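# Notes for the structure review
The lines below spell out each chain.
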Amino acid sequence: MVYVDLGFVQGVDVPCEVCEGRRFDAAVLEHRFGGLDIAEVLDLPAAEAAEFFADAEHRVPAAARIAGYLVDVGLGYVRLGQPLTTLSGGERQRLKLASHLNEKATLFVLDEPTTGLHVADAGVLVGLFDRLVDAGATVIVVEHNPAVITRADHVIDLGPGAGSDGGRVVAEGTPRQVATNKDSAMGRYLARFM
């Protein structure tokens, strides 16, 4: 019996010799829309796709709207044909949020949506939350990012610690009210941030 451990081997992408990694056969790639074949369309970042499909010359309103939702959640850089396996957990959560923006949802519950985001991208997401609230939706966010927490209408600080050390309400109110609560660890961070 021979045992070979290939645990160290990473996935390797080898482009197809026929389609050169474009995933479509030549007969399909002959067809063009707005000067692009399907492989080129799927290679567009969402922000470019939103503009492409909004252009009067090759207007597809539904495609422009969907690509725009990706931009709204800070995923304007994601390519339309990008495999889900290449997205981080936070990106997948924002992708799921984007998929629900077309619905008339009135309640959104998000668990740490800014984890791993650049500060500018977190700002884009908070701007979306503001627009959702302005449109009449309720947005509940479990979050540790003070930049996001200071924008909330109401904060509930659970603690005093995590896991079995937490579970009770330590402070609640506006961000400013929580910042002045001496029992709140989050309040101390908010006070420094504000």
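These numbers were taken from a predicted model, which means no experiment stands behind them.

The rules behind each value
Every chain begins its residue count from 1, and numbering advances along the sequence as written. Local features in a predicted model are, by the rule used here, given only for residues with pLDDT of at least 70; side-chain atom pairs are given and counted only at 80 or more, and totals for whole chains, interfaces and linings are based on all residues. With hydrogens and water stripped out, all remaining heavy atoms of the structure feed into the side-chain values. Lines fitted to the C-alpha atoms define the axes, with helices restricted to the stretch that makes contact. Angles between their N-to-C directions range from 0 to 180 degrees. For the purposes of this entry, the term helix denotes a DSSP run of H or I that reaches at least four residues, the term strand denotes a run of E that reaches at least two, and both are numbered from the N terminus. Angle categories are assigned with fixed cut-offs, so that under 35 degrees is roughly parallel, over 145 is roughly antiparallel, 65 to 115 is roughly perpendicular, and the rest are oblique. Note on convention: near helix rotated counterclockwise from far helix by under a right angle means a left-handed crossing. Clockwise means right-handed. The contact definition used throughout considers only heavy atoms, calling two residues in contact when any of these lie within 4.5 Å. Residues are grouped as follows: Ala, Val, Leu, Ile, Met, Phe, Trp, Tyr, Cys and Pro are nonpolar; Asp, Glu, Lys and Arg are charged; every other residue, Gly included, is polar. Buried Ala, Val, Leu, Ile, Met, Phe, Trp, Tyr and Cys residues form a nonpolar core when they are joined through side-chain atoms within 4.5 Å. Exposure classes here rest on a 1.4 Å probe applied to the protein chains alone. A residue is buried below 20% of its type maximum, exposed above 50%, and partly exposed in between. For two strands to be treated as a pair, DSSP must find no fewer than two bridges joining them. Note on definitions: the grid is 1 Å and covers protein atoms alone; a cavity is a set of points where a 1.4 Å probe fits but cannot get out; a pocket is an open set with protein on both sides within 12 Å along at least five of seven lines; lining residues have an atom within 4 Å of a point. Grid points are joined across faces, edges and corners, and a volume is the space filled by probe spheres set on the points. By the counting scheme adopted, Arg and Lys are positive, Glu and Asp are negative, and His together with the chain ends is not counted. Whenever a carboxyl oxygen of Asp or Glu lies within 4 Å of a side-chain nitrogen of Lys or Arg, that contact is scored as a salt bridge. pLDDT is defined as a per-residue confidence score from the predictor, taking values between 0 and 100. Think of a polar contact as two N or O atoms within 3.5 Å of one another; within protein, one of them needs to be a possible hydrogen donor and the other a possible acceptor, and neighboring residues in sequence only count if both atoms come from side chains. Pairing of aromatic rings covers Phe, Tyr and the six-membered ring of Trp, with a centre-to-centre limit of 6.5 Å; geometry is then stacked below 30 degrees between planes, edge-to-face above 60, and tilted otherwise.

Moving on, we come to the packing of helix α3 (residues 46-54) against helix α4 (residues 61-72). It is the contact of α3 with α4, at a shortest axis distance of 8 Å, that shows an interaxial angle of 155 degrees. In this view, α3 runs roughly antiparallel relative to α4, as classed from their interaxial angle. Crossing hand, α3 versus α4: left-handed. Seen from α3, the contacting residues are Ala 46, Ala 47, Ala 49, Ala 50, Phe 53 and Ala 54; seen from α4, they are Pro 61, Ala 63, Ala 64, Ala 67, Gly 68, Leu 70 and Val 71. Split by residue class, the contact of α3 with α4 holds twelve nonpolar, one polar and no charged.

Next up on the list: the nonpolar core. In this structure, Val 73, Leu 97, Leu 101, Phe 108, Leu 125, Leu 128 and Leu 132 are the most contacted members of the largest nonpolar core, which totals 19 residues. Elements with a minimum of two residues in this core: α4, α5 (89-100), β1 (107-111) and α6 (119-134). If you tally residues by element for this core, the top one is α6, at four residues. Contacts of Phe 108, omitting those with residues within four sequence positions, involve Leu 97, His 100, Leu 101, Leu 132, Ala 137, Thr 138, Val 139 and Ile 140. Judged by nonpolar contacts, the second largest core, of eight residues, contains Val 41, Leu 44, Ala 50 and Phe 53.

Our next topic: the pairing of strand β3 (residues 155-159). With burial as the criterion, only one face of β3 is covered, namely that bearing Val 155, Asp 157 and Gly 159; the residues Ile 156 and Leu 158 on the opposite face remain uncovered. Bridge count between β3 and strand β4 (residues 168-173): five bridges; the pairing is antiparallel. Residue pairing across strands places Ile 156 opposite Glu 172, the latter belonging to β4.

Right, let's talk about the layout of surface pockets for a bit. In this model, the largest pocket occupies a volume close to 910 Å³. Mapped by element, the contributors of at least two residues to the lining of the largest pocket are α6, β2 (138-142), α7 (146-149), β3 and α9 (185-193). When grouped by side-chain class, the residues that make up the lining of the largest pocket number 19 nonpolar, four polar and six charged.

This brings us to the side chain of Asp 157. Following the sequence through the fold, Asp 157 ends up in strand β3. Comment: no salt bridge for buried Asp 157; closest opposite-charge side chain is Arg 188, at 7.9 Å. With residues near it in sequence (within four places) discarded, Asp 157 still touches Arg 168, Val 169, Val 170, Ala 171, Ser 184, Ala 185, Met 186 and Gly 187.

Our focus in this paragraph is the confidence of the model for the protein chain. Confidence in the prediction of the protein chain, expressed as mean pLDDT, is 86, and 90% of residues score 70 or more. Ranking the elements of the protein chain by mean pLDDT puts helix α1 (residues 26-29) last with 83 and α3 first with 96.

On to unusual backbone geometry, then. One can expect most non-glycine residues to show negative phi and most peptide bonds to be in trans. A cis amide bond links Gly 159 to the next residue, Pro 160, at an omega of 5 degrees. Along the polypeptide, Pro 160 turns up in the loop between β3 and β4. Of note in this structure, Glu 112 is not a glycine but carries a positive phi near 45 degrees. Structurally, Glu 112 can be placed in the loop between β1 and α6.

Turning our attention to the side chain of Ser 184. Looking at the secondary structure, you find Ser 184 in the loop between α8 (175-179) and α9. The class of Ser 184 is buried, set by a relative accessible area of 0%. Only 2.4 Å separates the side chain of Ser 184 from the side chain of Asp 157, close enough to count as a polar contact. Of note is the side chain of Ser 184, whose polar atom sits 3.4 Å from the backbone nitrogen of Met 186. The residues touching Ser 184, leaving out its near neighbours within four places in the chain, are Asp 157, Val 170, Ala 171 and Val 178.

Here we take up the packing of aromatic side chains. Under the definition given, this model contains three aromatic pairs. Aromatic pair Phe 33 and Phe 53: ring centres 6.4 Å apart, planes at 25 degrees, arrangement stacked. Placement of the pair is Phe 33 in the loop between α1 and α2 (38-42) and Phe 53 in helix α3, with a sequence separation of 20 residues. With relative accessibility at 10%, the residue Phe 53 sits in the buried group. Between the aromatic rings of Phe 52 and Phe 53, the centroid separation amounts to 5.0 Å while the plane-to-plane angle is 80 degrees, which identifies the pairing as edge-to-face. Residue classification places Phe 52 among the buried residues on the basis of a relative accessible area of 11%. These aromatic residues form a ring-pair network of at least three members: Phe 33, Phe 52 and Phe 53.

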